[in-house]
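# Report on the structure
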Number of protein chains: 2
Amino acid sequence: MSDFALAVDIGGTKVAAALVAADGTVAERRVVPTAGSPDPEEVWRPVAGLVADLRAAAGAGRVAGVGVGSAGPIHLPEGSISPVNIPAWRRFPLLERLAELVPGVPVRLAGDGSCAAVGEHWRGAGQGVDDLLAIVVSTGVGGGLIQAGRLVAGPTGNAGHIGHMVVDHDGVPCPCGGRGCVEAMSSGPSMVTWALKSGWQAPVPAPTGVDLADAARAGDPHANEAFQRSGRSLAAGIVSTAAICDLSRVVIGGGVAAAHDLLFPPLRAAIAEHGRLAFLRQLTVATASLGNAAGLVGAAALVLAPEAYAGRGVASLT
Amino acid sequence: MSDFALAVDIGGTKVAAALVAADGTVAERRVVPTAGSPDPEEVWRPVAGLVADLRAAAGAGRVAGVGVGSAGPIHLPEGSISPVNIPAWRRFPLLERLAELVPGVPVRLAGDGSCAAVGEHWRGAGQGVDDLLAIVVSTGVGGGLIQAGRLVAGPTGNAGHIGHMVVDHDGVPCPCGGRGCVEAMSSGPSMVTWALKSGWQAPVPAPTGVDLADAARAGDPHANEAFQRSGRSLAAGIVSTAAICDLSRVVIGGGVAAAHDLLFPPLRAAIAEHGRLAFLRQLTVATASLGNAAGLVGAAALVLAPEAYAGRGVASLT
């Protein structure tokens, strides 16, 4: 009778939750804005409401467990979280709270990049691929790693941080405090900032990545170069990951990657330029297929397919 | 009575072999130059001689198996090799030949970078560390990866190629055909080439890394900058690997790393500069402790500790 996983995706601007069936189908999905309060309990309340609603919607005994993906950092083994963009939560005991709310079933937590990778591996564009990197290019650049068919989250749960791989060692400052990171050139905000500095005349005072894509398609050279630069930087991170981990495929999703036509040509060209060794030339590049549901589907898989996805680096309470 | 592994280390300039005991002690060690002949059999003959000699030295029944590390690429699952610097050997069936020579025991093959990492993890500076990157900085830059206490060699056996991670995406050409790779800035020959181009007045016509280190210690600014540049490039590759794999330690060995005093200060400074996220700040950097025996000790461990080191990515015949 346990038909669904109750999946939760904690982000800095919104929290999503869903009932996910064993075939990966998202049966019910709810989204609430992340509360901006400095009080951790006020941030928790709407999340708890979402979870309680979905549990009621599923019906008694039909929730096999709760899987959560969260913006990082996450803390193992206790399953607390300190998302950079949710300042009210510092070592907030998310796993414990969820276990109180939905007792008697497994509750598991992983980073959001890991969950996106698990989602794409379990039911998306990475199915059947044993060695996979999934990337989400959006406000930041996140990712997750599958090796030998299993999630590799690392000893601290933080593996997969392609956004902070260094691809230009004398490069521009990154929000992390370092410089030359993939995220410093490839995230939506970094692309917009760079284009504006280079002379892009944006049509609105606070332009977004969508505005930048429109400008690039209309032929603006600065907007175009921002996509070229983003694609080249991502490609360097991808080739580096393939060199160190021996990958078979990379799948790329997120808001910036939605502009395939602009991002993928320079990205593919730069992968071909950098990845010359024979084992690197076998790497395939695909677009993510689950859209913004990847994180929820992956969070569900922490509960529904634990042998592959709920090992080391995933916090777990039963 | 099977007291030793017979370990072999195949390189472009020399082939080493040894009897290695279960505690990692190297009991007998022999080295021959790699034959320069275009005939694969002439390259094989001295290797076969070395192996036969050591088997005889060990005594009947005292060889538990044969472990080999080789310069790449290696080909799985058949265990053939095509070392870049041994042109006579293209898909040379090394594993099969060794099994004919030493029948009735396991024979296993991994890449030389993987064997160095295994050696340092099993009996060197990486003991007890579950998530380890080992780097050999020499004529090239190689490496190997340990995750969760086990060798990760990848589906093709080529994981650990830190030398071809991209740390300067618009950077200088690399022997691999790409550019901006770690090896293009950090290997001994690339350092010498760069220093000469920058104005270093070398004391001899074909200077080596040792000459460069002497010049740096005597205060030559170009020679010094070559070490700075090498250290910074390695650091970017190390931080990138830590970001994607969630490492605990890196150990660094090889001829260039023997100049600790010149290489490690810029390397450590650049790791601190780039690795700002909390989980990256926990990374420790150590010098390799087995010297040029790491590859032999690691090759022995493929046979003597197979549960940790002879999984996926290692070719095996029994």
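In short, a report on the structure. Since this is a predicted model, take the numbers as computed values, not measurements. (Residues numbered from 1 in each chain as written. Chains lettered and ligands numbered in written order. Predicted model: local features only at pLDDT ≥ 70, side-chain atom pairs only at ≥ 80, totals over all residues. Heavy atoms only, no water.)

What follows deals with the overall build of chain A. Counting secondary structure elements, chain A contains eleven helices and 13 strands. Against the 2.2 N^0.38 benchmark of 20 Å for 318 residues, chain A shows a C-alpha radius of gyration of 19 Å, consistent with a compact globule. When its C-alpha atoms are laid out on the principal axes, chain A stretches across 55 × 45 × 30 Å. Evaluated residue by residue, chain A yields a buried proportion of 58% over its 318 residues. Within chain A, contacts between residues separated by at least 24 positions form 63% of all contacts whose residues are at least 6 apart in sequence. Total accessible area on chain A is roughly 11,600 Å²; 54% of this is exposed by carbon and sulfur atoms. In chain A, 22 positive and 26 negative side-chain charges are present, and the distance between their average locations comes to 2 Å. (Helix = DSSP H or I, 4+ residues; strand = E, 2+ residues; numbered from the N terminus. Rg over C-alpha atoms; globule rule 2.2 N^0.38 Å. Buried < 20%, exposed > 50% of the residue type's maximum accessible area, 1.4 Å probe, protein only. Contact = heavy atoms within 4.5 Å. Areas by Shrake-Rupley, 256 points an atom, 1.4 Å probe, with all protein chains shown as cover. Lys, Arg positive; Asp, Glu negative; His and termini not counted. Charge placed at Lys NZ, Arg CZ, Asp CG, Glu CD.)

A few words now on the interface of chain A and chain B. Contact residues are listed per partner, giving 47 residues for chain A and 47 residues for chain B. Across the interface of chain A and chain B, roughly 3,700 Å² is buried in total on both sides, 56% from carbon and sulfur atoms. A per-residue breakdown of the area chain A buries against chain B is headed by A:H169, A:I244 and A:H274, which together make up 20% of the total. At the boundary of chain A with chain B, the tally comes to four salt bridges. Close ionic contact of B:R179 with A:E273 constitutes a salt bridge, the shortest N to O distance being 2.4 Å. Counting every contact that joins chain A to chain B gives 26 residue pairs in polar contact (both at pLDDT 80 or more). Counting only elements with at least two residues in the side of chain A that touches chain B, the list comes to β9 (141-147), α7 (221-245) and α8 (260-274) of chain A. Across the side of chain A that touches chain B, the residue classes tally to 20 nonpolar, 17 polar and ten charged. (Buried area = accessible area lost by both parts, 1.4 Å probe. Salt bridge = Lys/Arg side-chain N within 4 Å of Asp/Glu carboxyl O. Polar contact = N/O pair within 3.5 Å; in protein donor to acceptor, adjacent residues only side chain to side chain. Nonpolar A, V, L, I, M, F, W, Y, C, P; charged D, E, K, R; others polar.)

Right, let's get into the sheet that holds strand β4 (residues 63-70) of chain B. Backbone-to-backbone hydrogen bonds join strands into a sheet, with any given pair of strands oriented parallel or antiparallel. Residues and elements named next belong to chain B. If you walk across this open sheet you meet the six strands as β3-β2-β1-β4-β7-β13, and the pairing is mixed. In the strand order of this sheet, the two ends are held by β3 (26-33) and β13 (315-317), each with one partner. Sheet twist, expressed as the average angle between the axes of neighbouring strands with direction ignored, equals 15°. Relative to β4, strand β1 (residues 4-10) runs parallel, the two being bridged by seven bridges. (Pairing = 2+ DSSP bridges. Axes fitted to C-alpha atoms, helices over the stretch in contact; angles between N-to-C directions.)

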